[in-house]
Amino acid sequence: MKDISVEELAKIVGTPEDKILSQMKEAGLNQTLASDLVTDQDKKILLNFLKGQQGKYSKTISLKRKKPAESAVKQTTIAIKRKKAKTSGAEEDIRDDSKRIDFEKIEKKRIEGEEFKKSEEERRQKESEKKVSVKRRAKPSQTVVKRTKPSVAPKVIEKKKKVQKDKVVISKKELKELEGEEFLSKEEGKITEHRFEKPAEFVSKNVKVPETITVSDLAKEISIKSSEVVKKLMDMGVMATVNQTLDQDTAILVTEEMGHKAEPAQEELAEDKLDELVSYEGTQEPRNPVISVLGHVDHGKTTLLDTIRNSNVTNQEEGGITQKIGAYQTETKYGNMTFIDTPGHAAFSEVRARGANSTDIVILVVAADDGLQPQTEEAISHANAAEVPIIVAVNKIDLEGSDIERVKNELSSKELVPDDWGGNTQFIPVSALKGDGVDSLLEAVSLEAEVLELKSYHQGPAHGIVLDSSIEKGKGAVATVLVQEGTLEIGDMMLVGEQTKKIRSLMDENSVSLKSAGPSVPVLISGLDLPPKAGEDFVVVTSEKMAKEISTERSKKARETKLARQQITNLESLFDSEFTNTKTLNLLIKSDTYGSLEAILGSLKNFESEEVKLNVVHDSVGGINTNDVNLAMTTNSSIIGFNVRADSPSKKLAESESINISYYGIIYDLLDGVKEIIEGELEPEIKEEILGTAEVKDTFKSPKFGLIAGSMVIEGTIKVNQFVRVIRDDIVIFEGLLDSLRRFKDEASEVQTGTECGIGIENYSDVKVGDKIEVFDKKEIRRTLG
């Protein structure tokens, strides 16, 4: 790792420059300016210092009582360092931790104190006839001392000067306590001692931890020093500074590790009042069913929907596979139905889960010639988790090798028992390509919908779910949403995610403009600032003020959570790189839709290894712009575009700065491309292949080649410019390179078994008769991810 400046180090770890410089000075490093360079060794020293830091010890001042023989009045003594002079005639050099005591000044104050004492005694004698004197007595373990000469001038004590670094000021109350006097209650006449005692036992606290909290604030909550919290975090493997922000889980964990009880704080948020913004009047009315089509990749889901809708979506898809969620409303002879088409690839697990959660009925498409597959099982799990009824469409019955009974057997093991076997699941044989059985499938869906008695409010503010989002040219951020309650209209104020915006337009799946959309209707909306996250709920609000308060709250929460994770990750990455051989591969990913981006990020988690760590620097929806290229330059990242392209300025900048941009249209190819990049970063596996062995029969010196071993090849083939080992008594004593091979006086490239030859080994001359020379080759084998 290259050297960096103190200023850059401070930015990486999120600590002020002066704090870093102070810590480096305490660690014994020589850096004094922000521009000074920090080497790898300096970073290791700093890290070891931070781990071993126990907190600063404060300077203590002890107050002791003098013996009666030394003085009649007990004086304040300061624990100072005394050093005897080297010569016998030298005076004692008495110093405190920072400055010499002025003896002349002390003597002057002592004389003033004596004068003040005399005046006080005369005053007390005059008042003795009017007041009752109080006899003072010492503690049983103490000796009673008569008052004679005060050691500290009372005038100075009464002024109570501020404590400086090199001075200590004692109050009058403390002086009396030192002199053996005890404070008496005038009303009760009892002796009362004033003491402060340290708690004898550990006190466990109950701490309410917010979603984010700094290390210093957490230390205050549990009443300990911040350095102790930092030390505990380091013991737990979390690198953090005093001003670092911790997420809630980390803060709760470290609090419990320190013996206290912690629980998440229930903050009163504006979002809790969201229900007040949405209210419905009247009665619920019947609505159309929403059906999700799930199944394994290439089992014919989209082809089946094309047949139902009389459309041709399949031919428009990249690679002939569905890679994003689609929502369509279709008019059938059984009434209007809304279908949600989901991708079947393994990477789109979250998209399928979202489709199942936002639907009323699931059509599970299974190919009759392929049977039960991994994504088929996953779809069943999603439907069961969402408690949605399943109708099985056994597709491709027109192909050779199709076996409906096999499909029924396999699905019955997953608790989907056919109704003709006495179960509750409808199995409908269909051919999506020819249209056979499609009408029966729609009839089965209609019957299931009637049983469910689907109803919702048609009047009132709309709310529903975001199915997917993207950025379109000329429209900006758009989102496909499914209305679940109420009616959505153009101009409505919508709260979705971290933004509150007015709806600019409504369009159906055929890009036809709509004025409104009721329950169970999927629409494409525009007017947003950013593409919202797929799966987020949206709601139409009447109070714009409260809606913006909620969106601001959400934005702040997301920003703090992200910052807390980034800060700790950056600090850990900085120090981990010093002690491990892990390589970091930085990626910047841009996608056409949020659902695709979600699938890519989820799949990349499976590629990490002990040697290569994937770090997604930035991910978002939309085309590649100059900001993305600049970020890639700063972080040394590779840019990956999925169904998006870079604009002209971005292309020119990337070419001039040698930034690699990879474009992909199919998720298989993208994952294979990233896998190939990771495998290229892995250290190759070295495999040795033994070529031959020769036994040394004699040795002689050559003025040109040095020591030559006259040998007989006893096994394999001896080749020049290969690796060799010298073996003596079955022990390897040297390993090097064979740089000379001769057959008699002629140079040879190789010598076969049973042939004599002369062998010269580079930079080695200790070959003896009877040694064996083993010749081998090293081959690098490219490593792959499992």
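Along each chain, residues carry numbers from 1 onward, in the same order as the chain's sequence is written. Local features in this predicted model are restricted to residues whose pLDDT is 70 or higher, and side-chain atom pairs enter the listing and the counts only when it is 80 or higher, whereas totals over whole chains, interfaces and linings include all residues. Working from all heavy atoms in the structure, the side-chain values ignore hydrogens and water.

A. Inspection of the overall build of the chain at higher detail. In terms of helices and strands, the chain carries 20 helices and 40 strands. Considering only contacts within the chain whose residues lie at least 6 apart along the sequence, 69% involve residues at least 24 apart. Accessible surface is estimated by sampling points in the Shrake-Rupley manner with a 1.4 Å probe; for residues, cover comes only from the protein chains shown. With the model as given, the accessible surface of the chain reaches about 45,600 Å², and the carbon-plus-sulfur share is 47%. Helix numbers and strand numbers start at the N terminus; a helix is a DSSP run of H or I with at least 4 residues, a strand a run of E with at least 2. Any two residues having at least one pair of non-hydrogen atoms within 4.5 Å are treated as being in contact.

B. Main features of the packing of helix H8 (residues 226–235) against helix H9 (residues 248–257). Geometry is summarised by axes, namely lines fitted to C-alpha atoms with helices restricted to the contacting stretch, and by angles between N-to-C directions that run from 0 to 180 degrees. In contact at an axis separation of 10 Å, H8 and H9 are set at 105° when each is read in the N-to-C sense. Here H8 lies roughly perpendicular to H9, going by the angle between them. For the pair H8 and H9, the contacting residues are Val 229, Lys 232 and Leu 233 in the first and Thr 250, Val 254 and Glu 257 in the second. Residue classes follow a fixed rule: Ala, Val, Leu, Ile, Met, Phe, Trp, Tyr, Cys and Pro count as nonpolar, while Asp, Glu, Lys and Arg count as charged, and any other residue, Gly among them, counts as polar. By residue class, the composition of the contact of H8 with H9 is 3 nonpolar, 1 polar and 2 charged. Angles below 35 degrees are treated as roughly parallel, those above 145 as roughly antiparallel, those between 65 and 115 as roughly perpendicular, and all remaining angles as oblique.

C. Quick look at the sheet that holds strand E24 (residues 505–507). At least two DSSP bridges between two strands are needed for those strands to be called paired. One open sheet holds the 7 strands; their spatial order is E23-E22-E27-E19-E20-E26-E24, and the pairing between them is antiparallel. Two strands lie at the open edges of the sheet, namely strand E23 (499–502) and E24, each paired on one side alone. Pairs of neighbouring strands in the sheet enclose a mean axial angle of 35°, with direction left out of account. Inspection of the sheet shows E24 paired to strand E26 (residues 522–528) by 3 bridges, in the antiparallel sense. By the bridge assignment for E26, Met 507 is matched with Leu 524.

D. Summary view of H8. Turning to H8, its buried residues number three or more, namely Val 229, Val 230, Leu 233 and Met 234. Summarising the axial view, the buried residues of H8 lie within an arc of 140°, below the 170-degree limit, and thus occupy one face. Where H8 ends, the next residue or the one after it, Gly 237, has phi of about 90°, a positive value. When a residue's accessible area, from a 1.4 Å probe over protein chains only, is under 20% of the maximum for its type it is buried; when over 50% it is exposed; and in between it is partly exposed. The directions from the helix axis to the C-beta atoms form the arc being described.

E. A look at the pairing of strand E39 (residues 756–761). The buried fraction of E39 amounts to 5 of the 6 residues, a majority that puts the element mostly inside the structure. The pairing of strand E33 (residues 706–716) with E39 spans 4 bridges and is antiparallel. Bridge pairing in E39 places Ala 709 opposite Ile 759. In the sheet, strand E36 (residues 731–743) pairs with E39 via 4 bridges, with the strands oriented antiparallel. Paired with Ser 740 across the two strands is Gly 760, which belongs to E39.

F. Highlighting unusual backbone geometry. For Lys 396, which is not glycine, the phi dihedral falls at a positive 60°. When you line up the elements, Lys 396 lands in the loop between strand E16 (390–395) and helix H14 (404–412). For Asn 721, which is not a glycine, the phi torsion comes out positive at approximately 60°. Structurally, the position occupied by Asn 721 is in the loop between strand E34 (718–719) and strand E35 (723–728).

G. Quick peek at the sheet that holds strand E29 (residues 612–621). Strands sit in the order E29-E28-E30-E31 across an open sheet of 4 strands; the sheet is parallel. The open sheet has two free edges, formed respectively by E29 and strand E31 (661–664), since each of these has just one partner strand. Each strand axis lies, on average, 25° off the axis of its neighbour in the sheet, ignoring direction. With 4 bridges connecting them, strand E30 (residues 638–642) and E31 associate as parallel partners. Bridge assignment links Ile 640 to a residue of E31, and that residue is Ser 662. This element, helix H17 (residues 594–604), spans strand E28 (583–591), E29 and E30 of the sheet and lies at about 175° to E29.

H. Quick look at the pairing of strand E19 (residues 463–472). Most of E19 sits inside the fold, with 7 of its 10 residues counted as buried. Across 9 bridges, E19 lies against strand E20 (residues 476–485) in antiparallel orientation. Bridge pairing in E20 links Asp 468 to Thr 480. Pairing analysis gives 3 bridges linking E19 to strand E27 (residues 537–540), with the strands arranged antiparallel. What sits directly across from Gly 464, in E27, is Phe 538.

I. Structural detail: helix H15 (residues 438–452). With 15 residues, H15 should reach 21 Å at 1.5 Å per residue; the first-to-last C-alpha distance of 21 Å fits that figure. Listed in full, the buried residues belonging to H15 are Val 438, Leu 441, Leu 442, Ala 444, Val 445, Ser 446, Glu 448 and Ala 449. The positive-phi residue at the C-terminal boundary of H15 is Glu 453, with phi of around 50°. The span one expects for a helix is its residue count, reduced by one, times 1.5 Å.

Keep in mind that these numbers describe shape and distance, not what the molecule does.
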